[in-house]
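Structural overview
What follows is each chain in one-letter form.
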Amino acid sequence: MSVLVYIENWDGKFKKLSFELLSYSYGIAKQLNTSVVALSIGNVAEEELKKAGNYGVSKVISVNDTKLNQLVNQAYASVISQVAVKEEASVVVFANNLTGKAVAPRVSVKLKAGMVSGAVALPVSTEPFVVKKKIYTGKAIASVAVKSAIKIITLAQNSFGIAENPAEVTIENLTPVMADKDFATTVIEANKQTGKILLTDAEIVVSGGRGMKGPECWPPIEELAELLGGATACSRPVADEGWRPHYEHVGQTGKIIAPNLYFAFGISGAIQHLGGVSSSKIIVAVNKDKDAPIFEAADYGVVGDVNVVLPELIKLIKEAKGQ
Amino acid sequence: MKILVCLSNVPDTTTKIRLTPDNQSIDVTGVQWIINPWDELALSRAIELKEKNPAVIEKITVITVGNKETEPTIRKALAMGADDAVRINAEPRDAYFVAGQLAEVIKNQPYEIILCGIESSDHNGCTVGAMLSEFLEVPSVSSVSFLDVENGNVSLNREVDGGYEKIQTSLPFVAIVQKGIALEPKIAAMRGIMAARTKPLQVVEPANIEALTEVTAYELPAAKASCKMIGADNIAQLVDLLRNEAKVI
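Residues numbered from 1 in each chain as written. Chains lettered and ligands numbered in written order. Predicted model: local features only at pLDDT ≥ 70, side-chain atom pairs only at ≥ 80, totals over all residues.

A closer look at the environment of Ala246 of chain B
This is how it is decided: Working definition: helices are DSSP H or I runs of at least four residues, strands are E runs of at least two. Numbering for both runs from the N terminus. Using C-beta atoms placed from the backbone, we call a residue buried if 20 or more other C-beta atoms fall within 10 Å of its own, exposed if 12 or fewer do, and partly exposed for counts in between. We call two residues in contact when their backbone-placed C-beta atoms lie within 7 Å.
Examined against the element boundaries, Ala246 of chain B turns out to sit in the segment after helix H6 (235–245). According to the C-beta neighbour criterion, Ala246 of chain B is partly exposed, with 16 such atoms within 10 Å. Every residue in contact with Ala246 of chain B, bar those within four places of it in the chain, is listed here: Ile282 and Asp299 of chain A together with Leu241 of chain B.

If you want it as structure tokens, here you go:
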């Protein structure tokens, strides 16, 4: 028996997300009185793989094959399923991110394993195996019982803290069995923005809405983001008007994010916008309209002119940081 | 080429969610039902592709797992521009059940492109499309933000961290699509609504497939503590709260 967790690497390094997954998997393993096996696919150095040992993992299986350098859903599902069988995994854990969403359901069918996607906490019980998740874009919570012998869970972003549990970890290099038919898709071109913090990774996000008046008012938003080491975002009308690029749009029809801190400057707080940011740990709203719906979702609010409050906030944070 | 679009019947997204007294179900009294928004975008793109390439795209079929109450939603899809529909007569018990049912019907049919919205606005599962592709043993591409058919060639982009990748795939395949796939949903015009009444809607009985998960209870989220308001002339207090109370900066 084991809990198998798939940890993704980005250019050979694990991100905070991977350590959250390991911590979560360790929690489940404790509930089931078993151990955690982590699976990494890609070219990851042994030193990096060993980091998993800090989070209670007893074994890391590393699969490194050039054919798997790009995400090919069928092939990844095949490899992960093979390892799950080999390690007699009773639970397989993924992140509920782009990769998890693409691969975990295929593993579910391969292993005939019931799946809960977007879990928000450790199982509430193991017999029956019940996990809670948000539904109706956070308007309700469902307790889902998984009836199959093998269970698959994808963990919602930023819902489980990182917990260190140092353990002796062994690294196993594995050459999986792969079939050509599993490689029917190929990546012909990649187009990625580099250098800036990814919006979906950022712990702090500074966002602006139509209340900012115009694109020329954005430098303070960018300055605050830079000051706090965060990313910039915007509401849908701002992206539609072309004031900001589309990839900054957060909301139900844009990106869904879950940072530790979300600043909403000049954003009224329409339901569709809140759908994209309501999982943020702390929301700060600044709006000149005291009845703006954003204040119902925010933790801290200021009724005022964003173009006056924002520079003041920047000044005071700089002072607090001794700048 | 034939395109198949998988649809889910969901409550209108502005619905206030209420539970039945025993917390065992969502109270659906008075709920307005719609095509799941992501599936609607998928269908809109399929229709755009057919309008662009009438010689290449022969027909668009929509399919759903649902009981008779879902037929008005299916007719909406036909009114938008789908050519025919299949309804698998069963409650959608869980994603594995739904994907398995869809696969039983689809497996012997020649669809080159199968479209699924990435997520449904009710369960937010993001699972049926990829599960379906595994049941059918065909390739899947997820988070597809762009799909085009030109001279019989399929080109598509999928979102990745920080950008997108252009993908080439063999056919048939499942595209699990998200925002960007169509700019706006197609509106059903009066003529479409009239035509929808007579377009074929085939009902099939479900296959013997089990659900692997079950919802045992529902709850509403804990009410959020009300917003702490800070005066616009007292931003120093906000900074203090963020540092020392919330501890986020």
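Things to note about the pairing of strand E9 (residues 163–169) of chain B
Which entries qualify depends on this criterion: A pair of strands is considered paired only if DSSP assigns at least 2 bridges between the two.
Strand direction decides the pairing type here: strand E13 (residues 185–192) of chain A and E9 of chain B, joined by 7 bridges, are antiparallel. Along E9 of chain B, the bridge assignment pairs Asn191 of chain A with Tyr164 of chain B. Pairing geometry for strand E8 (residues 153–160) of chain B and E9 of chain B, over 5 bridges, is antiparallel. Bridged to Arg158 of chain B within E9 of chain B is Glu165 of chain B.

Description of the packing of helix H3 (residues 73–86) of chain A against helix H4 (residues 98–111) of chain A
All names here are of chain A. This is how the line gets drawn: Axis definition: a line fit to C-alpha positions, over the contact stretch in the case of helices; interaxial angles, taken between N-to-C directions, run 0 to 180 degrees. Relative orientations are named as follows: roughly parallel for angles under 35 degrees, roughly antiparallel for angles over 145 degrees, roughly perpendicular for angles from 65 to 115 degrees, and oblique for any other angle. Helix crossings are classified by the rotation of the near helix relative to the far one: an anticlockwise turn of less than a right angle makes the crossing left-handed, while a clockwise turn makes it right-handed.
The interhelical angle for the contact between H3 and H4, taken along N-to-C directions, is 50 degrees, at an axis separation of 9 Å. The angle between H3 and H4 places the two elements in the oblique class. Read as a crossing pair, H3 and H4 show a hand that is right-handed. Between H3 and H4, the residues in contact are Asn73, Gln74, Tyr76, Ala77, Ile80, Ser81 and Ala84 and Ala102, Val103, Arg106, Val107, Lys110 and Leu111, respectively.

Some thoughts on the domain arrangement of chain A
It is common to report an interface's size as the accessible area lost on association of the parts. All names here are of chain A. Note the cut-off: Domain borders in the structure are assigned automatically or taken from a domain database. Under the scheme applied here, ten amino acids are nonpolar (Ala, Val, Leu, Ile, Met, Phe, Trp, Tyr, Cys and Pro), four are charged (Asp, Glu, Lys and Arg), and all others, including Gly, are polar.
If you check the domain split of chain A, you get domain 1 (2–182) and domain 2 (204–320). Computed over C-alpha atoms only, the centres of domain 1 and domain 2 are separated by 33 Å. Listed as interface residues are 4 residues of domain 1 and, on the opposing side, 5 residues of domain 2. In terms of residue class, the side of domain 1 that touches domain 2 is built from no nonpolar, 4 polar and no charged.

Quick word on the pairing of strand E11 (residues 151–155) of chain A
It is a general feature of regular strands that their side chains alternate between the two faces of the sheet. All names here are of chain A. Across the 5 residues of E11, 5 count as buried, placing the element largely inside the fold. The two faces of E11 match: Lys151, Ile153 and Leu155 on one face and Ile152 and Thr154 on the other face are all buried. Relative to E11, strand E6 (residues 89–95) is paired through 5 bridges, and the arrangement is parallel. If you follow Phe94 over to E11, its bridge partner there is Thr154.

Topic: the sheet that holds strand E11 (residues 201–204) of chain B
The strand order E13(A)-E9(B)-E8(B)-E7(B)-E10(B)-E6(B)-E1(B)-E4(B)-E5(B)-E11(B) describes an open sheet built from 10 strands, whose pairing is mixed. The strands lining the two open edges of the sheet, one partner per strand, are E13 of chain A together with E11 of chain B. Taken pair by pair, the neighbouring strands of this sheet meet at an average axis angle of 30 degrees, ignoring direction. As paired elements, strand E7 (residues 140–150) of chain B and strand E10 (residues 173–177) of chain B share 3 bridges and run parallel to each other. The partner of Val141 of chain B across the bridge, within E10 of chain B, is Ala175 of chain B. Strands strand E1 (2–7), strand E6 (113–117), E7 and E10 of chain B of the sheet are contacted by helix H4 (residues 128–136) of chain B, whose axis makes an angle of about 175 degrees with E10 of chain B.

Brief notes about the sheet that holds strand E14 (residues 204–208) of chain A
As a general point, the strands of a sheet are linked pairwise by backbone hydrogen bonds and lie either parallel or antiparallel. Spatially, 6 strands are ordered E15(A)-E14(A)-E16(A)-E17(A)-E18(A)-E13(B) in an open sheet, and the strand pairing comes out parallel. Whereas interior strands pair on both sides, the edge strands pair on one side only; in this sheet they are strand E15 (231–234) of chain A together with strand E13 (228–229) of chain B. Pairing of strand E18 (residues 300–303) of chain A with E13 of chain B, which is carried by 2 bridges, proceeds in the parallel orientation. Directly across from Gly301 of chain A, in E13 of chain B, lies its bridge partner Met229 of chain B. The sheet strands contacting helix H5 (residues 219–228) of chain A are E14, E15 and strand E16 (261–265) of chain A, and the helix crosses E14 of chain A at an angle near 175 degrees.

Notes on the confidence of the model for chain B
The condition that has to hold: pLDDT measures the predictor's confidence residue by residue and takes values from 0 up to 100.
Of all residues in chain B, 100% attain a pLDDT of 70 or more, and the chain-wide mean is 95. Predicted complex, confidence summary: ipTM 0.95, pTM 0.94.

A closer look at unusual backbone geometry
Negative phi values dominate among residues other than glycine, just as trans dominates among peptide bonds. For the bond running from Glu127 of chain A to Pro128 of chain A, omega is -5 degrees, close enough to zero to count as cis. Look at the link from Leu171 of chain B to Pro172 of chain B: it is a cis peptide, with omega at -5 degrees. The topology assignment puts Pro172 of chain B in the loop between E9 and E10. In this structure, Tyr136 of chain A is a non-glycine residue whose phi angle is positive, near 50 degrees. With respect to the helices and strands, Tyr136 of chain A occurs in the loop between strand E9 (129–135) and strand E10 (140–146). Owing to 22 C-beta atoms within 10 Å, Tyr136 of chain A belongs among the buried residues under this scheme. With a phi angle near 80 degrees, Lys213 of chain A is a residue other than glycine that sits in the positive phi range. As for its position among the elements, Lys213 of chain A is in the loop between E14 and H5. Given 14 C-beta atoms within 10 Å, Lys213 of chain A falls into the partly exposed group.

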